[in-house]
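The primary structure of each chain is shown beneath.
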Amino acid sequence: GSFGDATATYAAYGATKSAVPQLTASLVEETKKSAVGCHILSPGMVLTNLLLSDSTVLFRRFFNLIAEEPDTVAENVVPRILEVSGTNKKIRFLTVPGAFLKIVVNAIFNRNKFFDDKGERIPGEASEFDAQRVKKQY
């Protein structure tokens, strides 16, 4: 993942995720005398097909604690993206302390936010989700 942890069966994903901060730092240096800005966007864990495909019941129960719907993340980060100027800014949906707080709060008050104890998506409007139970965006 983004902290350099092992990502079994997701080696390419983990490697590219860890490479982004280094690549961004290099691009910032290479473009510092130009009008080009390079930034890092960290949306956190977002309930997408990539995240949910092949996910286990245990993973889905963890997603209840830390993940968010795409539109929730977008509502938070898009205005901040539109305001960014300069270069080398980091736009994070969750900070590390914020992530820990979110896990604790959801574990106590909202443990079945998206999935039940069997890993099944909590029902919403049928038209709201695709076949993999990912929330439709359009």
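Just so we're clear, the structure is a prediction, and the values are computed from it rather than from any experiment.

(A) Representation of the packing of helix 3 (residues 57–66) against helix 5 (residues 96–109) within the structure. It is at 7 Å that the axes of helix 3 and helix 5 come closest, and there the two elements cross at 110 degrees. On the basis of their axis angle, the class for helix 3 and helix 5 is roughly perpendicular. Taking contact as the criterion, the partners of Phe-62, Asn-64, Leu-65 and Ile-66 in helix 3 are, on helix 5, Ala-99, Lys-102, Ile-103, Asn-106 and Ala-107. Of the residues belonging to the contact of helix 3 with helix 5, the class tally is six nonpolar, two polar and one charged.

(B) Spatial organisation of the pattern of salt bridges. Taken as a whole and judged by the stated rule, the model has seven salt bridges. Notably, a salt bridge pairs Glu-69 with Arg-121, separated by 2.7 Å at the nearest N-O pair. One end of the pair, Glu-69, is in the loop between helix 3 and helix 4 (70–83); the other, Arg-121, is in the segment after helix 5, with 52 residues separating them in the sequence. Under the relative-accessibility criterion, Glu-69 is labelled buried at 8%. Here Asp-71 ties to Lys-135 by a salt bridge, and the two come within 3.2 Å at their closest N and O atoms. Remark: Lys-135 occurs in the segment after helix 5 and Asp-71 occurs in helix 4; sequence separation between them is 64 residues. Taken together, the shared-partner salt bridges connect Glu-68, Lys-102 and Lys-113 into one network.

(C) A look at the nonpolar core. Counting residues in hydrophobic clusters, the biggest one holds seven residues: Leu-47, Leu-52, Phe-63, Ala-67, Phe-114, Phe-115 and Val-134. Contact partners of Leu-47, with chain neighbours within four places excluded, come to Leu-52, Phe-63, Ala-67, Glu-68, Glu-69, Pro-70, Phe-114, Phe-115, Arg-121 and Val-134. Counting five residues, the second-largest nonpolar core is a separate cluster that includes Val-46, Val-73, Val-77 and Ile-91.

(D) Representation of unusual backbone geometry in the model. A positive phi angle, close to 65 degrees, is found at Asp-54, a residue other than glycine. Among the structural elements, Asp-54 can be located in the loop between helix 2 (49–52) and helix 3. On the accessibility criterion, Asp-54 (71% relative accessible area) is exposed.

Basis of the calculations
- Residues numbered from 1 in each chain as written.
- Predicted model: local features only at pLDDT ≥ 70, side-chain atom pairs only at ≥ 80, totals over all residues.
- Heavy atoms only, no water.
- Axes fitted to C-alpha atoms, helices over the stretch in contact; angles between N-to-C directions.
- Helix = DSSP H or I, 4+ residues; strand = E, 2+ residues; numbered from the N terminus.
- Parallel < 35°, antiparallel > 145°, perpendicular 65-115°, else oblique.
- Contact = heavy atoms within 4.5 Å.
- Nonpolar A, V, L, I, M, F, W, Y, C, P; charged D, E, K, R; others polar.
- Salt bridge = Lys/Arg side-chain N within 4 Å of Asp/Glu carboxyl O.
- Buried < 20%, exposed > 50% of the residue type's maximum accessible area, 1.4 Å probe, protein only.
- Core = buried A, V, L, I, M, F, W, Y, C linked by side-chain atoms within 4.5 Å.

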